[in-house]
Amino acid sequence: DEAEKRKATQVLLDRLAQGQDRRVPAALLAVAPPPVAEAALRSAMAKDEPASVAAAVALGELTGGGGKDALLRLLSKGIDPVLAAIGLQRYAGPDVDAVLLPMLENANGEMAQHLTEALWSGHRLQRYTTTGPMWGLRLLNVRLWSPYPSIRRPAVAELRKVLDAVTRGQDPRTLGYS
């Protein structure tokens, strides 16, 4: 009923203002009217709090594109970097690459995996790294996840070339990774 939704929305808005609970932005999307949710999410993602990244991800879901700049800013500041990298999977472009590629050079483990997946997904290349005849991109992917900088850093330089070529419109199947 509408009265319950209004109450729930107010409770969630109050919790979001506290900035600590990452679950609130997604819950707000489920109960609040879109204009209310959008305004609250924009306000929350402008802060540097744990819920800010989740607010930026939720705004991206609500608007189909909002939240990218906040995700890049929050990722650069190290605020919930795994969720920020996951949230950036829907975006591509020089501004995203300029943040993710240098971070990937120095990341390892789970963070390297999420940064790599964000880059592949943002450029719509993930299908080439998991299936099909492009073994070279799969091997590049393995090197990008390496815990050893001597392996990962040259792989990041190679990935830059792949992303630049794809951004210029080159078909990834023509890059010599088959």
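Here goes a summary of the coordinates provided. (Residues numbered from 1 in each chain as written. Predicted model: local features only at pLDDT ≥ 70, side-chain atom pairs only at ≥ 80, totals over all residues. Heavy atoms only, no water.)

**Section: the overall build of the chain**
Filter applied, for reference: We count a stretch as a helix when DSSP gives it H or I for four or more residues in a row; a strand needs E for two or more, and each element gets its number in order from the N terminus. Exposed residues in this analysis have more than 50% of their type's maximum accessible area, buried residues have under 20%, and partly exposed residues fall in between, with area computed by a 1.4 Å probe over protein chains only. Under the convention used here, a 1.4 Å probe and the Shrake-Rupley method define accessible areas, while residue burial counts only the protein chains that appear. Note on charges: Lys and Arg go in the positive column, Asp and Glu in the negative column, and His and the chain ends are not counted at all. Think of each charge as sitting on NZ of Lys, CZ of Arg, CG of Asp or CD of Glu.
For the chain, the count of helices and strands is 11 helices and 0 strands. Going residue by residue from the N terminus, the α and β elements of the chain occur as α-α-α-α-α-α-α-α-α-α-α. On the principal axes, the C-alpha backbone points of the chain span a range of 60 × 30 × 25 Å. Here the chain, with 178 residues, has 44% of them falling under the buried criterion. Within the structure as shown, the chain displays about 8900 Å² of accessible surface, and the carbon and sulfur contribution to it stands at 56%. Side chains of the chain carry 22 positive and 19 negative charges; the gap between the two charge centres is 4 Å.

**Here we look at the side chain of His 123**
Where we set the bar: The contact definition used throughout considers only heavy atoms, calling two residues in contact when any of these lie within 4.5 Å.
Looking at the element boundaries, His 123 is found in the loop between α8 (109-122) and α9 (126-130). Residue His 123 is classed as buried on the basis of its relative accessible area, which comes to 10%. Those residues within four positions of His 123 in sequence are excluded, and the remaining contacts are Ala 92, Gly 93, Asp 97, Leu 163, Val 166 and Thr 167.

**A look at the packing of helix α3 (residues 34-45) against helix α4 (residues 50-63)**
Threshold: Helix axes are fitted to C-alpha atoms over the stretch in contact, other axes to C-alpha atoms as well, and angles between N-to-C directions run from 0 to 180 degrees. By definition, turning the near helix anticlockwise from the far helix through less than a right angle yields a left-handed crossing, and turning it clockwise yields a right-handed one. Amino acids are sorted into nonpolar (Ala, Val, Leu, Ile, Met, Phe, Trp, Tyr, Cys and Pro), charged (Asp, Glu, Lys and Arg) and polar (every other residue, Gly among them).
One way to put it is that α3 packs onto α4 with a least axis distance of 8 Å and a crossing angle of 145°. With respect to the hand of their crossing, α3 and α4 are arranged in left-handed fashion. Along the contact surface, α3 presents Pro 34, Ala 37, Glu 38, Leu 41, Arg 42, Ala 44 and Met 45, while α4 presents Ser 52, Ala 55, Ala 56, Ala 58, Leu 59, Leu 62 and Thr 63. Of the residues in the contact of α3 with α4, the class split is 10 nonpolar, 2 polar and 2 charged.

**Observations concerning unusual backbone geometry**
You will see that Asp 80, though not glycine, has its phi angle at about 45°, which is positive. Relative to the helices and strands, Asp 80 is located in the loop between α5 (68-76) and α6 (81-87). With phi around 60°, Arg 124 is a residue other than glycine that occupies positive phi space.

**A few points about the packing of helix α7 (residues 94-106) against α8**
Where α7 contacts α8, the two axes come as close as 10 Å, and the packing angle between them is 150°. By crossing handedness, the relation of α7 to α8 is classed as left-handed. In contact with Asp 97, Leu 100, Leu 101, Met 103 and Leu 104 of α7, α8 contributes Ala 112, Leu 115, Thr 116, Ala 118 and Leu 119. Considered class by class, the residues forming the contact of α7 with α8 number 8 nonpolar, 1 polar and 1 charged.

**Section: the environment of Pro 81**
In this fold, Pro 81 is placed in helix α6. Given the relative accessible area of 27%, Pro 81 is considered partly exposed. For the pair Pro 81 and His 114, spaced 33 residues apart in sequence, the C-alpha to C-alpha distance is 9.1 Å. With near-sequence residues (within four places) excluded, Pro 81 lies in contact with Leu 75 and Met 111.

**Regarding the environment of Glu 105**
Applied cut-off: Distance and chemistry together define a polar contact, namely a pair of N or O atoms within 3.5 Å, with one atom able to donate a hydrogen and the other to accept it when in protein, and with adjacent residues in sequence counting only for side-chain atoms on both sides.
For Glu 105, the location among the structural elements is in helix α7. Sequence spacing of Glu 105 and Ile 86 is 19 residues, and the spatial spacing of their C-alpha atoms is 17 Å. Those residues in contact with Glu 105 that sit more than four places away from it in its chain are Arg 152, Arg 153, Val 156 and Arg 160. Among the polar contacts made by the side chain of Glu 105, one reaches the side chain of Arg 160 at a distance of 3.2 Å.

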